[in-house]
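Residues per chain are reported as follows:
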There are 2 protein chains.
Amino acid sequence: MSLSIHSKDAPGPAVMTIAGSDSSGGAGIQADLKTFTALGCYGTSVITALTAQNTVGVQGVHSVPPAFVEQQMRSVLDDIKVVAIKTGMLSDAGVTAAVAQGLRTAYSSSHMPPLVCDPVCVSTSGHTLLQPDAVDTMVHLLFPLATIITPNKSEAELLVSRFASGKSSAGAIIDSLEGMLNAAQTLLALGPRAVLLKGGHLTVSSAEVEMFLPSHPDLSVERDGILGPNMEILLVTEEDPADIDLVVDILCQYEGPTTLFLRPRLDSTSTHGTGCTLSAALACALGRGDTIADAVKFAAAYTHQGIATAVPMGQGHGPLNHMHPVLPRSVLKQVPPSVRWRHNPHPFVRMLIQTNADVWKQYVQHDFVRQLGQGTLSRESFVHFIKQDYLYLKYYSRAHGLLAAKSSEFDEIASSAEIILHIARESAMHKQFCAQWGVSPEELENTPESPACTAYGAYIIDIGLRGDASRLLMALAACLLGYGEVGLWLKREAARPESWVKLEGNPYLKWIEDYSGEDYQRAVKVGIERIEAMAANDPPSLKRLEEWRLVWEKCTLLEKGFWDMAINMS
Amino acid sequence: MSLSIHSKDAPGPAVMTIAGSDSSGGAGIQADLKTFTALGCYGTSVITALTAQNTVGVQGVHSVPPAFVEQQMRSVLDDIKVVAIKTGMLSDAGVTAAVAQGLRTAYSSSHMPPLVCDPVCVSTSGHTLLQPDAVDTMVHLLFPLATIITPNKSEAELLVSRFASGKSSAGAIIDSLEGMLNAAQTLLALGPRAVLLKGGHLTVSSAEVEMFLPSHPDLSVERDGILGPNMEILLVTEEDPADIDLVVDILCQYEGPTTLFLRPRLDSTSTHGTGCTLSAALACALGRGDTIADAVKFAAAYTHQGIATAVPMGQGHGPLNHMHPVLPRSVLKQVPPSVRWRHNPHPFVRMLIQTNADVWKQYVQHDFVRQLGQGTLSRESFVHFIKQDYLYLKYYSRAHGLLAAKSSEFDEIASSAEIILHIARESAMHKQFCAQWGVSPEELENTPESPACTAYGAYIIDIGLRGDASRLLMALAACLLGYGEVGLWLKREAARPESWVKLEGNPYLKWIEDYSGEDYQRAVKVGIERIEAMAANDPPSLKRLEEWRLVWEKCTLLEKGFWDMAINMS
């Protein structure tokens, strides 16, 4: 949902690609134009060479005279202000020199916009796309102008072996994270402001990354599509991130930190034009003013999703799905889920939790929870909490009645009824706790509501009366998911050796067991699936998404307030 | 909202363009690829020539050898199944012959997909894009293969003067609808299955069209963006369609009716690549299986919107906005409304009424309304109606209370309150009517509700309780807008000479005056603006749009049922 730049910009900021044409539409200026279009930019294009190609290979190349390449650049740049430029296949030394000359002429008296140089040398299918003597021209004339260059493993090996001086040039095979980092630093010395060394042709295990990081404390790390912290409720149904093979890209900057970008490796043949797509998306992001690191993060995520949501085409390596930011998700349903979301089966809930990870953490790892896990929570606080929670559950079950009243399908109505019955059982547990701690049923029923309880309870009823079923579902989520998270977190922590969580003799053991137990966790799973289905079946507009997000945030805050109330006896 | 084919098809049905490259990105394969992408198709491209051009003109052309054009076609068609093909600039006779040969080779043993041939000869800026001797080659080799050819005025003139036999060839200037029709029929004889003669370079008045049509009773007529019947409520704030200059395209088919496509002329310089865009959209629509007439309707509407929503770019004729089907409308807000919706300031309400025009007509031109206008309605029916309408208004005002409760902004809440006060005045009018017709306040208050009244009243309350404010607004619209329409229609009909509507001595004159009067019509206008703002500020997903539409349809049916009830005394 954050992959489009439409919401930020008017249509039409123009960008330019200088590259070859791919008749089959998956790479070259075609991939660039599709990427620009999907990302809300206006695409212009200077063609450096025509290729007759398809998903299997390159069947022919027709070169374009250097003077005509420069003429195309003049026509565009004399008339249209472009905010970023990318170069791809440059074919030969003459064209490469003409491109450098064209840029110098156009920007002799004005500031040049960001330039992304994708040093395309050989196609995935093995076809030479840049004559060997042109590599020198590219390095000497274009790299110094480039904001960023984006070599893959084999391009980096070729460039390092050719241009690096001293010992690092010997044996330019890149086969480790250390090797990638050295190569990227070597290439940075050739003049660009940044180097993104792409690791798509290298498989790295999570374990290797974990071993590498401690010896490089200065590196920044960006994880994309890998489950974050405080998401035990998702972890139980997803692959453990520790078991996933990763792709690692390394960004070295002349000014700014070196960053590792980690994401799960995708098993896909839809990779034709991956490099073109990434550099085109980079140009869009730099053109709208992103920092280099932000632009890389954006472009890599866009490209990754393009592979993840592609449908096979042709006999060989098919194209990416360039249009995913603007396609309704209902269309993506036609892509098998195993391909689509293999590493992210709960994209919406994941996004929801990540969107206010701080408040979520303050809620699910609240002092109340920690003291409860240690068994040190005061009896008064717990009793105060249980009494108020009992009162809250009345609001919460009524809200599910309202959700039933707002539903259209019998299974949705029945699902609400089942949750109401579940809450009834939960409230019986509260009564039992109270009895155990000396609170009579009469005292429980006559307990005055605390402001924190009224605020939260009345808020979800109000949301239910004001909005539709989807917004109410959002208001009900923080309680359901958060208590599930707390239960699983305490359980996992308790299982560690010498854990701070004490189960033995803990007066609150039953509470921990109830929320980490099968019955409650089943309800959490059903809830997560219902929320995912809601978002997938009727993808929200940006405005609705913001409404949902605000409701979610408000409820996590109210949950935190509820536990503050218990601690403070307020 | 009907301009995308995403909702119908999975991403990826491949289409192919065979055309020139426009470095500035507004025409040629660039316009085609952007159109394909925006319409959810996967674009492949065979480049016939490179141009160095911009919005001002063509600065250079680099030709491509015919053999390499054929090689590109082979690479694509050997590997990827395309569902439609379009041709644009073919440059010279060699390339044109190679394209024909390429098609024959690829489809020697299989059925050729739909072929759209845009007979590009000269650029808008006056540059020759097809050598004169190549015109013969195109006509003889490609036209017979074409599903449809799409000449503009000057291309049609050139083709008619060259190929027509007999008297019609003399003086090939096309300057009237009659001339267009003759030229299209002449071109049809050259072998394509259909001819779309584009009238963008000819301005036609509505009056000219109205004079032309009666003498051609066999012609079908498609109106797009021109206010339809039974929309008096919109007409009062919009330009009278009779005063609008039109663009007329004529479609002649080998099999099938001849159709005139009418739409308002746009005053815009964003027209670079209009013909490329239209033919590319045609290919998409034919590729998904549309009939020729449906495909033309779709492609013309897409192109028209592309011009209407474009933002100026470059020093000359800028490109269209190809992305409008997938851009959030919030982005379109940055396009000045005068440019955007000059001829369609109320796109959503217009669409709503058109979506079930039949039921809408049965409602607003109901027998009850006709008899009321004639003054022949039975006293019993009217009294029965007024009593039930009085009861209905209680539901209706309560529903506005509910709308206030569901609103977020003070002005929305206040607006609901004002409407409630308006309804209170309306109900006082009902009491007055009743008194006048001998019904006491006690009798009125104690009238049992008819099933039609309960159905309608309870339905809007139910929608209000179930959904959000937007759905409730939909449920409230049919009553507000329909009575406004009825009032204006009766008033306009009454103004005609020898009208069937009798105002003089009509016992229901006050009713007619109330609903056609300023006070009520002001409420209608406010209501229309609020609905438009709702749809523009948070454009619905296809699923929500369908929900809204169903509520609107249900309410127009319930309104019709209400008047059935009055007539039948049920």
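In the block above lies the structure referred to throughout.
What comes next concerns the included structure.

The rules behind the values
Residues numbered from 1 in each chain as written. Chains lettered and ligands numbered in written order. Predicted model: local features only at pLDDT ≥ 70, side-chain atom pairs only at ≥ 80, totals over all residues. Heavy atoms only, no water. Helix = DSSP H or I, 4+ residues; strand = E, 2+ residues; numbered from the N terminus. Buried < 20%, exposed > 50% of the residue type's maximum accessible area, 1.4 Å probe, protein only. Contact = heavy atoms within 4.5 Å. Areas by Shrake-Rupley, 256 points an atom, 1.4 Å probe, with all protein chains shown as cover. Lys, Arg positive; Asp, Glu negative; His and termini not counted. Charge placed at Lys NZ, Arg CZ, Asp CG, Glu CD. Polar contact = N/O pair within 3.5 Å; in protein donor to acceptor, adjacent residues only side chain to side chain. Axes fitted to C-alpha atoms, helices over the stretch in contact; angles between N-to-C directions. Parallel < 35°, antiparallel > 145°, perpendicular 65-115°, else oblique. Left-handed = near helix turned anticlockwise from the far one by under 90°. Nonpolar A, V, L, I, M, F, W, Y, C, P; charged D, E, K, R; others polar. Salt bridge = Lys/Arg side-chain N within 4 Å of Asp/Glu carboxyl O. Least-squares fit on C-alpha atoms with pLDDT ≥ 70 in both. Phe/Tyr/Trp six-rings, centres within 6.5 Å; stacked < 30°, edge-to-face > 60°. Lys NZ or Arg CZ within 6 Å of the ring centre and 35° of its normal.

**A closer look at the overall build of chain A**
Right, so step 1: A tally of helices and strands in chain A yields 23 helices and 11 strands.
Right, so step 2: Along the three orthogonal principal directions, the C-alpha set of chain A runs to about 90 × 50 × 45 Å.
Right, so step 3: Counting every position in chain A, which comprises 570 residues, the buried fraction comes to 60%.
Right, so step 4: When contacts within chain A are restricted to residue pairs at least 6 apart in sequence, those whose partners lie at least 24 apart make up 78%.
Right, so step 5: Carbon and sulfur atoms make up 54% of the accessible area of chain A, which amounts to about 21600 Å² in all.
Right, so step 6: Averaging the coordinates of the 45 positive side-chain charges in chain A and doing the same for the 61 negative ones gives two points 3 Å apart.

**Brief notes about the environment of B:R288**
All names here are of chain B.
Right, so step 1: Inspection of the secondary structure assignment puts R288 in the loop between α9 (274-287) and α10 (292-308).
Right, so step 2: Judged by its relative accessible area of 23%, R288 falls in the partly exposed class.
Right, so step 3: Sequence spacing of R288 and P13 is 275 residues, and the spatial spacing of their C-alpha atoms is 8.1 Å.
Right, so step 4: At a separation of 2.9 Å, a polar atom in the side chain of R288 contacts the side chain of D290.

**Side note on the side chain of A:S21**
Right, so step 1: Assignment of secondary structure puts A:S21 in strand β1 (residues 14-22).
Right, so step 2: Look at A:S21 and you get buried, because its relative accessible area is 1%.
Right, so step 3: Beyond its immediate sequence surroundings of up to four residues, A:S21 is in contact with A:I29, A:Q30, A:I47, A:A49, A:L50, A:T51 and B:I47.

**Let's talk about the packing of α9(B) against α10(B)**
Residue and element names in this part refer to chain B.
Right, so step 1: Relative orientation of the contacting elements α9 and α10 amounts to 140°, with a least axis distance of 8 Å. Accordingly, the angle class assigned to the pair α9 and α10 is oblique. Note that α9 runs across α10; the crossing there is right-handed. Listed contacts from α10 to T274, T277, L278, A281, L282, A285 and L286 of α9 are I292, A295, V296, F298, A299, A300, Y302, T303 and I307.
Right, so step 2: Among the residues making up the contact of α9 with α10, the classes are represented as 13 nonpolar, 3 polar and no charged.

**Here we look at helix α1 (residues 28-38) of chain B**
Right, so step 1: Across the 11 residues that make up α1(B), a large majority, 11, are buried.
Right, so step 2: All of the buried residues along α1(B) are B:G28, B:I29, B:Q30, B:A31, B:D32, B:L33, B:K34, B:T35, B:F36, B:T37 and B:A38.

**Section: the interface of chain B and chain A**
Right, so step 1: Across the boundary between the two partners, chain B contributes 68 residues, which contact 68 residues of chain A.
Right, so step 2: Counting across the chain B and chain A interface gives 0 salt bridges.
Right, so step 3: Among the secondary structure elements, those contributing two or more residues to the side of chain B that touches chain A are β1 (14-22), α1, β2 (42-53), β3 (58-63), α2 (66-79), α19 (451-466) and α23 (542-568) of chain B.
Right, so step 4: When residues in the side of chain B that touches chain A are grouped by element, the largest group, 9 residues, is from β2(B).

**Regarding the relation of the copies chain B and chain A**
Between the two copies of the chain lies a relationship made up of a rotation around an axis and a movement along it.
Right, so step 1: The transform that puts chain B on chain A rotates by 180° and translates by 0.1 Å along the axis, for an RMSD of 0.1 Å. A rotation of that kind, with that shift, is consistent with a two-fold axis. When C-alpha positions in chain B are compared against the rotation axis, the closest is assigned to B:D468, at 2.3 Å.
Right, so step 2: In this assembly, 100% of the residues forming the interface of chain B have copies in chain A that are likewise at the interface, indicating an isologous arrangement.

**Some points on the pattern of salt bridges**
Right, so step 1: In the structure shown here, the tally under the stated rule is 50 salt bridges over all chains.
Right, so step 2: Between B:E518 and B:R522 there is a salt bridge, with its nearest N and O atoms 3.5 Å apart. You can see B:E518 and its partner B:R522 sitting in helix α22 (residues 518-537), 4 residues apart, about one turn around the helix.
Right, so step 3: Relative accessible area serves as the criterion here: at 65%, B:E518 is assigned to the exposed category.
Right, so step 4: Residue classification places B:R522 among the partly exposed residues on the basis of a relative accessible area of 46%.
Right, so step 5: Members of the salt-bridge network, linked through shared partners, are A:E232, A:R492, A:E493 and A:R496.

**Some details on the packing of aromatic side chains**
Right, so step 1: Counted under the stated rule, the structure contains 46 aromatic pairs over all chains.
Right, so step 2: Arranged with centres 5.4 Å apart and planes meeting at 15°, the rings of A:F368 and A:W563 form a pair that is stacked. Of this pair, A:F368 sits in helix α15 (residues 367-374) while A:W563 sits in helix α23 (residues 542-568), and the two are 195 residues apart along the sequence.
Right, so step 3: According to the relative accessible area criterion, A:W563 is buried, its value standing at 0%.
Right, so step 4: Over the face of the ring belonging to A:Y42 we find B:K34, whose NZ or CZ atom lies 3.7 Å from the ring centre.
Right, so step 5: Lying over the aromatic face of B:F298, B:R288 brings its terminal NZ or CZ to 4.2 Å of the ring centre.

**Quick notes on unusual backbone geometry**
Only a minority of non-glycine residues have a phi that is not negative, and only a minority of peptide bonds are not trans.
Residue and element names in this part refer to chain B.
Right, so step 1: Notably, E498 is not glycine yet its phi reads approximately 50°, a positive angle.
Right, so step 2: Taking the relative accessible area as the measure of exposure, E498 reaches 84% and is therefore exposed.
Right, so step 3: Of note, the phi angle at M569 is positive, near 55°, even though the residue is not glycine.
Right, so step 4: Within the fold, M569 resides in the segment after α23.

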